[in-house]
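Single-letter residue listing:
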Amino acid sequence: MTTQATLAPSVYQTSIIGARSWSFIIHRGYTLRITDIAGAANCSLLAYNNDEKLERYNMADTLKAQHTAMLTKGNVLYSDMGRVLFSITEETCGWHDTISGVNNAKLVREKYGSKPYQDNFNSFHRNGRELFLIELGKYGLGKKDIVPNVNLFSKVYVNAEGGMNFVTQHSQAGSFIDLRAEMNTLVVLNTCQHPLDPNPSWEPKPVDIAIFHSGDVSKDDRCRNHCPENQRGFINTENYYCQHVA
Amino acid sequence: MLKLSSLKAEQAHTRHTIAAGEPWLYTLKKGQTLRILDLEGNQAVDTIFYNAHDPSERYSATDTIRHQNNIYLTSGSQLLSTEGNVMLTITADTCGRHDTLGGACAAESNTVRYALEKINMHNCRDNYLIALAESGLEMGKRDITSNINFYMNVPVTPEGGLTFEDGISDAGKYVELQAEMDVLVLVSNCPQLNNPCNAYNPTPVEMLIWDA
């Protein structure tokens, strides 16, 4: 994958096993790479302006600004303040879901059976909503801060009648996505299975994390010029930091 | 799915007209039915629901569409909360399809979608913010989350396209919801003038409420 060479050596790396959560502050000018190392991963993600956490990822604004029902290379993740939290500068599986939400305790129990900590210790069943709440709680955030999220590496398409269709074997081992932070972005994620994944077995997959310094965004940037809406989104973001691209 | 109501307007215990561009905040009791009547046609009604006793439990678009495996709302749709509970059920619908992916318009998103100069135009989030600020409920921006756009037409294609198209509603069409718990209803009668969601002419809607 030639694009990997375009980024400098990572400044930080870590790995997240299946059904666990992680959070980090990705500063403006840094890129978060998430890699599906085993294939068929799902990575549920929320994002906030770390300097004012009332400003957060907005699924609806992201979709309608870019006239899309999914996320791919060239798209950006909008906040609810008309600014860009993340740009998708590179990715290799063509479709990332943002309309399906996450599992909760009841849905996991119904689908995979009851597997409490007492009998299973750390292989007990977790779920996306609780892992979001746990990770958000570390920043003083909670239920009111959970909004429709992104599900990286998962594809759900909508048919003519409105039905939702989960595509199995969508993400291959080695698939990755680069999320370039355009703001100082608090990212909160977990690696639970997608709520529409028809796989009846509890098989949450791991992801690898790497953070790179990516520097300033040029005027001819692909994500910035993806559509006129994104050009305005980048102007709003530059205004916020009083940093204008020459 | 089109489904007519048997409720009679003259038997409603509350009738309230919301002018275009105005908010409305109301507590609907469990068992009561709310009718949203599109008086002049093609009017988007941006609506959020909260558990009246614990507003941290609120309507969830993603849980709702996943639960029914369909992104469009119509009669029979159960509106789910962030806790996975049924908040309301759509019991009648003469329009046939309502959006819940398009969100509510805001001054800031209008600058992205249309032009930086659109910052000055009235929008649904302003309505939500003022209604919550005046409510005495200690609710605000954190409480503005995914909503339903009654009467709005936002088709999605299998290839992943999404557009705002001309409405499929008309004067006199209505949708009815029965509350399955006590719910706080927050409405913005949408003032958007930049896309066809209101046919470029925002108009009033009427809210009618019947007891169980």
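As the structure is a prediction and not an experimental result, all values here were calculated from the model.

### With respect to the overall build of chain A
Stage number 1. Counting its regular elements, chain A contains five helices and twelve strands.
Stage number 2. Over its C-alpha atoms chain A spans a radius of gyration of 17 Å, differing by no more than 12% from the 18 Å that the globule rule assigns to 246 residues.
Stage number 3. Along the longest, intermediate and shortest principal axes, the C-alpha atoms of chain A span 60 × 40 × 35 Å.
Stage number 4. Of all intrachain contacts in chain A linking residues separated by at least 6 positions in sequence, the fraction that spans at least 24 positions is 79%.

### Quick notes on the overall build of chain B
Stage number 1. The helix and strand inventory of chain B stands at three helices and ten strands.
Stage number 2. Seen in sequence order, chain B has helices and strands lined up from the N terminus as β-β-β-β-α-β-β-α-α-β-β-β-β.
Stage number 3. Seen through its C-alpha atoms, chain B measures out along the principal axes to roughly 45 × 40 × 35 Å.
Stage number 4. Sequence separation of at least 24 residues holds for 76% of the intrachain contacts in chain B that already meet a minimum separation of 6.

### Things to note about the environment of Gln11(B)
Stage number 1. Assignment of secondary structure puts Gln11(B) in the segment before strand E1 (14-18).
Stage number 2. Residues Gln11(B) and Asp211(B), spaced 200 residues apart in sequence, show a C-alpha to C-alpha distance of 9.4 Å.

### A few points about unusual backbone geometry
Residue and element names in this part refer to chain B.
Stage number 1. Unlike most non-glycine residues, alanine 199 shows phi in positive territory, near 55°.
Stage number 2. For alanine 199, the position within the fold is in the loop between strand E9 (183-189) and strand E10 (205-210).
Stage number 3. By the C-beta count within 10 Å, which is 16 here, alanine 199 ends up partly exposed.
Stage number 4. Unlike most non-glycine residues, tyrosine 200 shows phi in positive territory, near 60°.

### Considering the confidence of the model for chain B
Stage number 1. In the predicted model, chain B carries a mean pLDDT of 96, and the fraction of residues at 70 or more is 100%.
Stage number 2. This prediction of the complex comes with two scores: 0.97 for pTM and 0.97 for ipTM.

### With respect to the interface of chain A and chain B
Interface size, as often reported, equals the accessible area lost upon joining of the parts.
Stage number 1. Contact residues are listed per partner, giving 40 residues for chain A and 35 residues for chain B.
Stage number 2. Of all the secondary-structure elements, those providing two or more residues to the side of chain A that touches chain B are helix H1 (59-66), strand E8 (156-158) and helix H5 (228-241) of chain A.

### Describing the nonpolar core
Stage number 1. Ranked by size, the top nonpolar core spans 112 residues in total, and within it Ala47(A), Ile36(B), Phe49(B) and Val183(B) carry the most contacts.
Stage number 2. Residue contacts for Ile36(B): discarding those within four places in its chain leaves Val45(B), Phe150(B), Tyr174(B), Val175(B), Val205(B) and Met207(B).

### A word on the pairing of strand E3 (residues 33-38) of chain B
All names here are of chain B.
Stage number 1. Most of E3 is tucked away: six of the six residues are buried.
Stage number 2. Residues Thr33, Arg35 and Leu37 of E3 are buried on one face, and the alternating residues Leu34, Ile36 and Asp38, pointing to the opposite face, are buried as well.
Stage number 3. Strand direction decides the pairing type here: E3 and strand E8 (residues 173-179), joined by six bridges, are antiparallel. Following the sheet pairing, leucine 34 is matched in E8 by leucine 177.
Stage number 4. Note that E3 and E10 share six bridges and pair antiparallel. Among the inter-strand pairings, leucine 34 is bridged to a residue of E10, identified as isoleucine 209.

### Thoughts on the pairing of strand E6 (residues 86-93) of chain B
All names here are of chain B.
Stage number 1. Note that strand E5 (residues 78-80) and E6 share three bridges and pair antiparallel. What sits directly across from leucine 79, in E6, is leucine 88.
Stage number 2. Counting the residues between successive antiparallel strands, the hairpin from E5 to E6 contains five residues, one of them, glycine 84, with a positive phi of roughly 85°.
Stage number 3. Across five bridges, E6 lies against E8 in antiparallel orientation. Bridge pairing links isoleucine 90 to leucine 177 in E8.

### Considerations on the sheet that holds strand E4 (residues 43-49) of chain A
Residue and element names in this part refer to chain A.
Stage number 1. Pairing within the open sheet is antiparallel, and its four strands lie in the order E2-E11-E4-E7. Each having just a single partner strand, strand E2 (21-26) and strand E7 (150-152) make up the two edges of the open sheet. Going across the sheet, the axis of each strand differs from the next one's by a mean of 30°, ignoring polarity.
Stage number 2. For E4 and strand E11 (residues 185-190), the ladder comprises six bridges, and the chain directions are antiparallel. Looking across to E11, one finds that tyrosine 48 is bridged to leucine 186.
Stage number 3. Across the sheet, helix H4 (residues 128-137) touches E2, E4 and E11, and the angle it forms with E11 is around 145°.

### Considering the environment of Arg83(A)
Stage number 1. Mapped onto the elements of the fold, Arg83(A) is located in the loop between strand E5 (76-78) and strand E6 (84-91).
Stage number 2. With 60 residues separating them in the primary sequence, Arg83(A) and Lys143(A) have C-alpha atoms 23 Å apart.

### Considerations on H5(A)
Stage number 1. Its 14 residues give H5(A) an end-to-end C-alpha distance of 21 Å, which sits within 8% of 20 Å, the value for a rise of 1.5 Å per residue.
Stage number 2. All of the buried residues along H5(A) are Glu229(A), Asn230(A), Arg232(A), Gly233(A), Phe234(A), Asn236(A), Thr237(A) and Tyr240(A).
Stage number 3. Of the surrounding secondary structure, the elements contacted by the buried residues of H5(A) are H1, E5 and E6 of chain A together with helix H2 (107-113) of chain B.

Reading guide: rules and limits
- Residues numbered from 1 in each chain as written.
- Chains lettered and ligands numbered in written order.
- Predicted model: local features only at pLDDT ≥ 70, side-chain atom pairs only at ≥ 80, totals over all residues.
- Helix = DSSP H or I, 4+ residues; strand = E, 2+ residues; numbered from the N terminus.
- Rg over C-alpha atoms; globule rule 2.2 N^0.38 Å.
- Contact = placed C-beta atoms within 7 Å.
- Buried ≥ 20, exposed ≤ 12 C-beta atoms within 10 Å, placed from the backbone.
- pLDDT = per-residue confidence, 0-100.
- Core = buried A, V, L, I, M, F, W, Y, C linked by C-beta atoms within 7 Å.
- Pairing = 2+ DSSP bridges.
- Axes fitted to C-alpha atoms, helices over the stretch in contact; angles between N-to-C directions.
- Expected span 1.5 Å × (residues − 1).

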